[in-house]
Amino acid sequence: MTGIVYKSTGSWYTVKTDLGAIYRCRIKGKFRMKGIKSTNPVAVGDRVDFDLDHDNNDEPVGVITAIHDRKNYIVRKSVNLSKQTHIIAANIDQVFLLITIDNPPTFTSFIDRFLVTAEAYSIKTILLFNKVDSYDENTLNEVKYLAHVYRKIGYECIGISASTGKNIEKVKALMTGKVSMFAGHSGVGKSTLVNAIEPELDLKTKAISTQHMQGQHTTTFAEMFDLCFDAKIIDTPGIKGFGVVDMDKEEISDYFPEFFALKQDCKFNNCIHIEEPQCAVKEALEANEIAASRYRSYLQILEGDEDHFRTEEWMK
Ligand SMILES: Nc1nc2c(ncn2[C@@H]2O[C@H](COP(=O)(O)OP(=O)(O)O)[C@@H](O)[C@H]2O)c(=O)[nH]1
Ligand SMILES: [Mg+2]
Ligand SMILES: [Zn+2]
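Summarised in this report is the structure supplied together with it. (Residues numbered from 1 in each chain as written. Chains lettered and ligands numbered in written order. Predicted model: local features only at pLDDT ≥ 70, side-chain atom pairs only at ≥ 80, totals over all residues. Heavy atoms only, no water.)

Side note on the environment of valine 171
Structurally, valine 171 is set in helix α3 (residues 168–175). Sequence spacing of valine 171 and isoleucine 197 is 26 residues, and the spatial spacing of their C-alpha atoms is 8.6 Å. Those residues within four positions of valine 171 in sequence are excluded, and the remaining contacts are Phe96, Leu128, Ile160 and Ile197. (Helix = DSSP H or I, 4+ residues; strand = E, 2+ residues; numbered from the N terminus. Contact = heavy atoms within 4.5 Å.)

As for the packing of α3 against helix α4 (residues 190–197)
Between α3 and α4, the shortest axis-to-axis distance is 10 Å and the interhelical angle comes to 80°. Here α4 runs roughly perpendicular to α3, going by the angle between their axes. In this structure, α3 uses Ile168, Val171, Lys172 and Met175 to contact α4, whose residues at the interface are Leu193, Ala196 and Ile197. Of the residues that constitute the contact of α3 with α4, the class distribution is six nonpolar, no polar and one charged. (Axes fitted to C-alpha atoms, helices over the stretch in contact; angles between N-to-C directions. Parallel < 35°, antiparallel > 145°, perpendicular 65-115°, else oblique. Nonpolar A, V, L, I, M, F, W, Y, C, P; charged D, E, K, R; others polar.)

Points about the site of ligand 1
Around ligand 1, 15 residues are found, and the nearest of them are Asp133, Gly187, Lys190, Ser191 and Thr192. Take glycine 189: an N or O atom from its main chain is 3.0 Å from an oxygen atom of ligand 1. When the free accessible area of ligand 1 is taken as 580 Å², the share hidden by the protein chains comes to 68%. Taken together, the residues of the shell around ligand 1 sort by class into two nonpolar, 10 polar and three charged. (Near = heavy atom within 4 Å. Polar contact = N/O pair within 3.5 Å; in protein donor to acceptor, adjacent residues only side chain to side chain. Areas by Shrake-Rupley, 256 points an atom, 1.4 Å probe, with all protein chains shown as cover.)

Some words on a negative patch on the surface
On the surface, a cluster of negative charge is contributed by Asp102, Asp136, Glu137 and Glu142. With respect to the helices and strands, the residue aspartate 136 is situated in the loop between β9 (124–129) and α2 (137–152). We classify aspartate 136 as partly exposed; its relative accessible area is 46%. (Patch = residues over 30% accessible without salt bridge, like charges linked within 9 Å, V, L, I, M, F, W, Y side chains within 5 Å. Salt bridge = Lys/Arg side-chain N within 4 Å of Asp/Glu carboxyl O. Lys, Arg positive; Asp, Glu negative; His and termini not counted. Charge placed at Lys NZ, Arg CZ, Asp CG, Glu CD. Buried < 20%, exposed > 50% of the residue type's maximum accessible area, 1.4 Å probe, protein only.)

Some details on the packing of aromatic side chains
Applying the stated criterion across every chain, the model contains seven aromatic pairs. Note on phenylalanine 96 and phenylalanine 182: the rings are 5.4 Å apart at their centroids and 20° apart in plane angle, and the pair reads as stacked. Here phenylalanine 182 lies in strand β11 (residues 179–183) and phenylalanine 96 lies in strand β8 (residues 94–99), a separation of 86 residues in the sequence. This pair shows no difference in class: phenylalanine 96 is buried, exactly as phenylalanine 182 is. Ring geometry for phenylalanine 256 and phenylalanine 259: centres 4.8 Å apart, planes at 20°, overall stacked. On the accessibility criterion, phenylalanine 256 (0% relative accessible area) is buried. Members of the aromatic cluster, each reached through a chain of ring pairs, are Phe256, Phe259, Tyr295 and Tyr298. Sitting above the plane of the tryptophan 12 ring, arginine 24 keeps its charged end 3.9 Å from the centroid. Directly above the ring of phenylalanine 229 sits lysine 172, whose terminal nitrogen or CZ lies 5.1 Å from the centroid. (Phe/Tyr/Trp six-rings, centres within 6.5 Å; stacked < 30°, edge-to-face > 60°. Lys NZ or Arg CZ within 6 Å of the ring centre and 35° of its normal.)

Honestly, that's just the spatial picture; any functional story needs more than this.
What follows is the structure, encoded as structure tokens:
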């Protein structure tokens, strides 16, 4: 049989088949994925094959025999074993990054770091500018400007209000048929948005968070939820970040789509767009075709230590 992993709690996995049947599954013996040193071989979002067996009480249990190829996965470094990673979730179609201009402020440096990480993970990001109901004209103009900057380089941007329901139908339409995650600083309105999309779901995720706080402190587990309109979301209680991505200096600009598009026009094919002559990226910057804030973020990431990739407080 084949199904998707909805929950993993250490040695047990909750797997749901395409027909909606739910099985408790485990892994028999050692199970290793090629190329990934991970503390958990199977993650939420994985599509797995399993055989049915019976436990001592004659209850059906599944034995996972294979993991299908992953489209993507997000990891965090394991706390105890530094060389190993913990796979938080796999096969994520898209992440919605919630942004507020004030209360709390979301800076472009944060947005850009988030986008770079998502690009490195091959996860599509949609930008949701929340709380538009509360903004004055100046702040709304800032939203418009930012939306223009990010649309121009290929990111979908929507102004929403989780409180009043503005454009929530648009968000739901984008979620249909897909696996989504929500991210953004604490206080930007993630819980309010989830509540606007499906009130019952918020209760479920709250229950998990409470469980987590009372339970073991070492490991947190993601969980997938089915919504009532053919959409799935992955909630990651207690996991603050998207994880850490190790990148080479030359690689970073590849995750800025507008830089990547110009790279072939730079004189040197290993150009990192700093002081090299005949650099197409710097020329575009000077011609205002690349936003100054994007280039500033790029320099920060390039010059920064590893901590710049540690994206704490993203998904609280
Ligand atoms: N005015 C306004 N306030 C909002 C909106 N969405 C959320 N809030 C408020 O922002 C605060 C933080 O929201 P919450 O959903 O808890 O944020 P989270 O930390 O990202 O889950 C709460 O007081 C919400 O009522 C919105 O669209 N407009
Ligand atoms: Mg919340
Ligand atoms: Zn260049």
